[in-house]
Amino acid sequence: MDDSSSLFPHDLPDQFGARFGRPPEVIASAPGRVNLIGEHTDYNEGFVLPVAIDRRTWVAMAAREDGRLHFRSETTNEDVEIGLQDADHHRRKGWSSYPAGIVALLRQQGVPVGGMDVLISSTVPLGTGLSSSAALEVSMATGTLALAGSSLPSQELVRLCQRAEWDWAGVQCGIMDQTIAVSGKSRAALLIDCRTLDTETVPLDPSLQLVVCDTGMPRTLATSEYNKRRGECDQAVRELGRHAAGLTSLRDVTQEQLSLFGRHLSETPLRRARHVVTENERVLQAVDALWLRDHRSLGKLLGASHASLRDDYQVSCAELDVMVAICQSVPGVCGARMTGAGFGGCALALATPGAVGALTEAVMSRYPQHTGRTPSVVTCTVGDGTRAVRVG
Ligand code: GLA
């Protein structure tokens, strides 16, 4: 646990005091993320390359003696109060399901979690594909553990937060968002092998800016279509398994096997498999391009990833396609693609610092003309993983 108090917004203790009439004991935080490349590969045991960003979710908390949980969201201006015993059943109830799930799961693990007041404050935009939910789960888990004087190994923390997403929010997400929220490193992307959970830091070229362009398109299909894609990938593994021995996930499938046996697959599972198999290769090539500072190759890989997500995985939408095309047309932008689960949300562009102004201008003027929606453009720097500070 960190002991520096320069690590959280200075007004957070006062906000907590104003709401709860006493100071917080612990302040914890975790970052949002953008994924450079490796989309919809994590739940197929493949490779991903996300970056923790400088947008974070903070939780300020203090224990209470009456076994009640009071969650206060400064973002939505809502308060939710439940009993400790109710946390297990507090599911599919919007943002408050996440802290409830974390409390219930930690208690199941034997961590001595009692009642508490929790104030949540965040600069991660909600529901735009920057992983606001993982930032909330991980900050909540890190803070609750610190308050209980307990800890968990990183991989167990990651799995516990993923479980909260599955069982309390109903999204059968992979492991990427929670892993980067726990283990993100400043100035680097994190190559995650989602089969072994091994990670490797890959330095980011400081001459590339991460520019996040929000389509303003709500991600209404994100949960249902996301879960459907998982089922289609499982179907692809089953169908391919009749022809190639030893396959347990799409991670095991090679391009050669796909060309040999692809004709035996139904059309949709074939498309899904083709995306995952080629995307895994693109991730590893992108790692090489980053090490070599080969912006041209990196840009091509981002473009190919977007095309594959649009055509084979079918998780893009007209707004994301327009956004990516605008980004790609601006000189000095090395590459662009949708980032996150898709169905709306954000595109990521990698741009040289001199190109950010022109990129912002192009998006703000051309995107509304094509879509009738209002975009926003944010330049992110690289943040780091979760941390907790004892303040009281
Ligand atoms: C969401 C999920 C992740 C991952 C991405 C798509 O962010 O939470 O696990 O599957 O979508 O790459």
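With antiparallel pairing, the four strands of this open sheet are ordered in space as β10-β11-β9-β12. Strands with a single pairing partner mark the edges of an open sheet, and in this sheet they are β10 (333–338) and β12 (376–380). In this sheet, neighbouring strand axes are inclined to one another by 20° on average, regardless of whether the strands run parallel or antiparallel. Relative to β12, strand β9 (residues 209–214) runs antiparallel, the two being bridged by five bridges. Counterpart to Leu210 in the pairing with β12 is Cys380.

This paragraph deals with the layout of surface pockets. Counted as a void, the largest pocket has a volume near 860 Å³. Lining the largest pocket are 41 residues, with Tyr98, Ser132, Ser133, Glu165 and Arg219 positioned closest to its centre. Secondary structure elements with two or more residues in the lining of the largest pocket: α2 (97–108), β6 (115–122), α3 (132–147), α4 (154–169), α5 (176–183) and α6 (222–241). Here the residues of the lining of the largest pocket are counted per class, giving 15 nonpolar, 18 polar and eight charged. In this structure, the lining of the largest pocket is formed jointly by two domains, domain 1 (5–202 + 383–390) and domain 2 (205–380), each of which donates at least three residues.

With that settled, consider empty space enclosed by the protein. This model, assessed by the stated rule, comprises one cavity of 30 Å³ or more. There is about 40 Å³ of room inside the largest cavity. Among the residues making up the lining of the largest cavity, the classes are represented as six nonpolar, no polar and one charged.

Attention now goes to the pattern of salt bridges. This structure, assessed with the given rule, holds 27 salt bridges. With a closest N to O distance of 2.8 Å, Arg33 and Asp177 form a salt bridge. With Arg33 in strand β1 (residues 26–35) and Asp177 in helix α5, this residue pair connects regions lying 144 residues apart in the sequence. Residue Arg33 shares its accessibility class with Asp177, and that shared class is buried. Its salt-bridge partner being Asp193, residue Arg251 comes within 2.9 Å of it at the nearest N-O pair.

Structurally, the chain comprises domain 1 (5–202 + 383–390) and domain 2 (205–380). Domain 1 and domain 2 are separated by 26 Å when their C-alpha centres are compared. Taken together, the 37 residues of domain 1 in the interface contact 43 residues of domain 2. In this assembly, domain 1 and domain 2 are joined by three salt bridges. Between domain 1 and domain 2 we count 25 residue pairs in polar contact (both at pLDDT 80 or more) in total. Grouping the amino acids of the side of domain 1 that touches domain 2 by side-chain chemistry returns 15 nonpolar, 13 polar and nine charged.

Our next topic: unusual backbone geometry. One non-glycine residue with positive phi stands out, namely Arg92, at about 50°. On the basis of relative accessible area, Arg92 is assigned to the exposed category, the value being 60%. The phi dihedral of Arg187 is positive, around 65°, even though this residue is not glycine. With respect to the helices, strands and loops of the structure, Arg187 is situated in the loop between α5 and β7 (188–193). Of the residues examined, Arg187 reaches a relative accessible area of 67% and is grouped as exposed.

Every residue close to the ligand is listed here: Arg33, Glu39, His40, Asp42, Tyr43, Cys173, Gly174, Met176, Asp177, Tyr226 and Ala341. A distance of 2.6 Å separates an oxygen atom of the ligand from a polar atom in the side chain of Asp177. Among the residues making up the shell around the ligand, the classes are represented as five nonpolar, two polar and four charged.

Before going further, it helps to examine the sheet that holds strand β8 (residues 199–203). Here we have three strands laid out as an open sheet, ordered β2-β7-β8, and antiparallel in their pairing. Strands with a single pairing partner mark the edges of an open sheet, and in this sheet they are β2 (47–48) and β8. Pairing analysis gives two bridges linking β2 to β7, with the strands arranged antiparallel. Bridge assignment links Val48 to a residue of β7, and that residue is Ile192. Packed on one face of the sheet, α5 meets β2, β7 and β8 and runs near 135° to β7. Across the sheet, helix α8 (residues 267–291) is in contact with β2, β7 and β8; its angle to β8 comes to roughly 45°.

Attention now moves to the packing of α3 against α4. One way to put it is that α3 packs onto α4 with a least axis distance of 10 Å and a crossing angle of 125°. When the axes of α3 and α4 are compared, the pair comes out oblique. Like other packed secondary-structure pairs, α3 and α4 cross with a definite hand, here right-handed. Listed contacts from α4 to Ser133, Ala134, Glu137, Val138, Ala141, Thr142 and Leu145 of α3 are Leu157, Cys161, Ala164 and Glu165.

Conventions we followed
Residues numbered from 1 in each chain as written. Predicted model: local features only at pLDDT ≥ 70, side-chain atom pairs only at ≥ 80, totals over all residues. Heavy atoms only, no water. Pairing = 2+ DSSP bridges. Helix = DSSP H or I, 4+ residues; strand = E, 2+ residues; numbered from the N terminus. Axes fitted to C-alpha atoms, helices over the stretch in contact; angles between N-to-C directions. 1 Å grid on protein atoms, 1.4 Å probe; cavity = no way out; pocket = protein on both sides within 12 Å on 5 of 7 lines; lining within 4 Å. Points joined across faces, edges and corners; volume = space filled by probe spheres on them. Nonpolar A, V, L, I, M, F, W, Y, C, P; charged D, E, K, R; others polar. Domains from an automatic or database assignment. Salt bridge = Lys/Arg side-chain N within 4 Å of Asp/Glu carboxyl O. Buried < 20%, exposed > 50% of the residue type's maximum accessible area, 1.4 Å probe, protein only. Contact = heavy atoms within 4.5 Å. Polar contact = N/O pair within 3.5 Å; in protein donor to acceptor, adjacent residues only side chain to side chain. Near = heavy atom within 4 Å. Parallel < 35°, antiparallel > 145°, perpendicular 65-115°, else oblique. Left-handed = near helix turned anticlockwise from the far one by under 90°.

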